[in-house]
Amino acid sequence: MQPAQVIVLATPVFLGLIAIEWFVGWRRGRNTYRLADAISSIGLGMLSQVVGLFTKLAAIGLYAWVYEHAALTRLPTDAWWVWGLGLLAYDFCYYWLHRFGHTMALFWAAHSIHHQSEDYNLSTALRQTSSGWIAGWVFYLPMAVIGFPPLVFGVVALVDLLYQYWVHTQQIGKLGWFDRWFCSPSNHRVHHAVNEKYLDKNYGGILIIWDRLFGSFIEEDDAEPCVYGTIKPLRSWNPIVANWSFYGEILRDVWHTRSWADKLKRWAAPPGWRPADVAVMFPGEPFDLHRQPYDPPLSKARQVAAVTLFLAAMVGTLVLLWWAHTLPFAGLLGASVAVLALLWMAGKACSPPPLAT
């Protein structure tokens, strides 16, 4: 079975759990869903999977090449301890990728998509980048050098990813001893918060012990509720804008700064750093923790249009993922463009019409 087909089979589970979470929140009077935001988040996850049809083979190919030419040993695939140790090693590598995803602009440009939602629910878990393949693969090459076969790497990567789905919820409180060892809903809510005390904390994928070991852990404080999103809010439902947004900011600063050192530093520095001359030319908006979420009103007609386009994109994505390995490149490309167009139109339907002049 192809990895993309596993995602197809998991989709009904994802959607079923979203429905359950929505119902629980509604019954409790704590609904955490908004239609446009959920469509945007799930749509970005769909787009990420479609783009992955073109990029995952390259990443796996690089891993396999390093494994074939630089592995210190070849670990067996028929030993249970290899799979267990492989999952532990992957989670450790993921911690460092995730940490750099918040502390280095190049990696934040890809990872920021996952944090753009100003809601926090299971649909947020599906909000994934389409550009993580550009540099993220570097962090997993040590596993190839150690000797974990590509099959082991691919399976444990999927396990680590699927685990992280359930922690994106506000409907599950603290879990006692579990919170001390594992990434949990409480620990991960902190990670998505923009409150100053919570920023850049709790990077663990499955285990939270990496954060405890490397000084990036903080416990959720009931006295300070988490506020979600990014320091600079996206204010758009357009999937292309969501993926391009921070890359565009970096490239603008790189273009306008006069310092060649700053042109390079802009990619490697923390996401909030900017060249001094550019910061004067293009001052940023002051951060407001208590800002209102981006939530333009939608007419019933726009809601119906958005849902219809979104469902068409979802069906198209599932069919494409299931049959992708049988399609010629031209067919794969054409179907992918069609899915992107449907997602763009769904985002357009969720957006307010331009003001009359």
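Counting of residues starts from 1 at the beginning of each chain's written sequence and follows it residue by residue. Given that this is a predicted model, residues contribute local features only at a pLDDT of at least 70 and side-chain atom pairs are listed and counted only at 80 or more, while totals for whole chains, interfaces and linings are drawn from all residues. In computing side-chain properties, one takes all heavy atoms of the structure into account and sets aside hydrogens as well as water.

A. Representation of the packing of aromatic side chains in the model. The criterion for an aromatic pair is that two Phe, Tyr or Trp rings (for Trp, the six-membered ring) have centres within 6.5 Å, with stacked assigned to planes under 30 degrees apart, edge-to-face to planes over 60 apart and tilted to the rest. Counted under the stated rule, the structure contains 24 aromatic pairs. Geometrically, the ring pair formed by Trp96 and Phe214 is edge-to-face, given 5.0 Å between the ring centres and 65° between the ring planes. Of this pair, Trp96 sits in helix H3 (residues 80-103) while Phe214 sits in the loop between helix H10 (209-213) and helix H11 (239-256), and the two are 118 residues apart along the sequence. For every residue, the accessible area (1.4 Å probe, protein chains only) is compared with the maximum for its type, and the residue is labelled buried under 20%, exposed over 50%, or partly exposed between those bounds. Trp96 gets classed as partly exposed once you look at its relative accessible area, which sits at 25%. Starting at the N terminus, helices and strands are each numbered in turn, a helix being any DSSP run of H or I of at least four residues and a strand any DSSP run of E of at least two.

B. Examining a nonpolar patch on the surface more closely. Residues Ile240, Trp244, Leu251, Trp344 and Met345 make up a contiguous nonpolar surface patch of about 480 Å² in total accessible area. With 3 residues, H11 is the single largest residue contributor to the nonpolar patch. By the secondary structure assignment, Ile240 is in helix H11. Only residues above 30% relative accessible area that lack a salt bridge enter a patch, with like-charged residues linked at up to 9 Å and the nonpolar side chains Val, Leu, Ile, Met, Phe, Trp and Tyr linked at up to 5 Å. What sets the accessible areas is the Shrake-Rupley method with a 1.4 Å probe; for residues, cover comes only from the shown protein chains. In what follows, salt bridge is the name for a side-chain nitrogen of Lys or Arg lying within 4 Å of a carboxyl oxygen of Asp or Glu.

C. Here's a closer look at unusual backbone geometry. In this structure, Asp200 takes a positive phi of about 60° despite not being glycine. Within the secondary structure, Asp200 is located in the loop between helix H9 (185-192) and H10. In this structure, Asn202 takes a positive phi of about 55° despite not being glycine. Along the chain, Asn202 turns up in the loop between H9 and H10.

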